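Chain by chain, the residues run as shown.
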Amino acid sequence: MKASVVIVAAGSGNRLGLATPKAFVRVAGMTLLARALRTLRSVDAIGEAVVAVPSGMERAARGEVNAAGLEIPVKITPGGGERQDSVRIALAFTSAEADIAIVHDAARPFATAAMFSECIEAAARIGGAIAAIPVADTLKRVEGGRSIQSTLTRSGLWQAQTPQAFHRALLVEAHARASRDGTVATDDSDLVERLGARVEVVEGSPLNFKITTPDDLAIAEAIATRIGS
Ligand code: C5P
């Protein structure tokens, strides 16, 4: 079967300072969730989607799904307390027949269909593949306020993004083990890496940033308006 995609959209987005949950905030007239769904339309390898949303937002999410005009089945589920919980919950609703599962943050409105396709293709060959970009700035470790403790060697450091694609069985096992061991990670790749499985990076983009703060939202608005998307 084709790949299954999990869209995690269950965050509150407290740091945006808005009452609306982040995935339902509009950028140039379109919600972040609608933007993610729209991108899926152009990825032939995807056969189904499961969207995790804040409890109580299921109807609103169904409206976004219908408006996106997707030709694949889309399930909607309440998410969990942390991102990792939302992924685990949504993953359980994906078809066990799917070879590949992809996880994507609704908070990254500028992920491209090519990123999805490349992650899926590389994950099928390798086990796992994630969108990422090489770190451009020099990184400092700062502790105890503002005091620089050390400078990290930038070479070989990449910033992880989503989409992240894996053999579905690997991702299911990674989440099951994390639940058992109480491991908390900020991305799915970390959990899969802990199994000793191989994960590679594919080319992400600085535009594929995650909307976290009001500044990010303003930047996204400017980009969406400029590129007319
Ligand atoms: O909070 P942050 O922006 O890092 O979350 C990344 C993604 O994970 C967002 O798309 C958000 O909606 C999702 N998330 C979730 N469930 C949570 C927390 C975050 O689906 N409990």
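Everything discussed here concerns the structure shown above.
The present account deals with the structure reproduced in this document.

What counts as what
- Residues numbered from 1 in each chain as written.
- Predicted model: local features only at pLDDT ≥ 70, side-chain atom pairs only at ≥ 80, totals over all residues.
- Heavy atoms only, no water.
- Near = heavy atom within 4 Å.
- Polar contact = N/O pair within 3.5 Å; in protein donor to acceptor, adjacent residues only side chain to side chain.
- Helix = DSSP H or I, 4+ residues; strand = E, 2+ residues; numbered from the N terminus.
- Expected span 1.5 Å × (residues − 1).
- Buried < 20%, exposed > 50% of the residue type's maximum accessible area, 1.4 Å probe, protein only.
- Pairing = 2+ DSSP bridges.
- Axes fitted to C-alpha atoms, helices over the stretch in contact; angles between N-to-C directions.

## Some remarks on the site of the ligand
Alright, step 1. Around the ligand, the surrounding shell holds 15 residues, and the nearest of these are Val8, Ala10, Lys22, Ser86 and Lys210.
Alright, step 2. Here an oxygen atom of the ligand sits 2.7 Å away from a polar atom, N or O, in the main chain of Val8.
Alright, step 3. Taking Gly81, its main chain carries an N or O atom lying 3.2 Å from a nitrogen atom of the ligand.

## A short note on helix α4 (residues 113-126)
Alright, step 1. An ideal rise of 1.5 Å per residue puts 20 Å on 14 residues; α4 measures up with 20 Å between its terminal C-alpha atoms.
Alright, step 2. Listed as buried for α4 are Ala113, Met115, Phe116, Cys119, Ile120, Ala122, Ala123 and Ile126.
Alright, step 3. Following α4 by one or two positions, Gly127 has its phi on the positive side, about 130 degrees.

## Quick notes on the sheet that holds strand β4 (residues 46-53)
Alright, step 1. Spatially, seven strands are ordered β5-β4-β1-β6-β10-β7-β11 in an open sheet, and the strand pairing comes out mixed. Each of the sheet's edge strands pairs with one partner strand only, and the pair in question is β5 (74-78) and β11 (199-203). Put simply, the sheet's adjacent strands are angled 25 degrees from each other on average, direction ignored.
Alright, step 2. One ladder, built from five bridges, connects strand β1 (residues 3-8) with strand β6 (residues 100-105); its direction is parallel. Each residue of the ladder has a partner; that of Ile7, found in β6, is His104.

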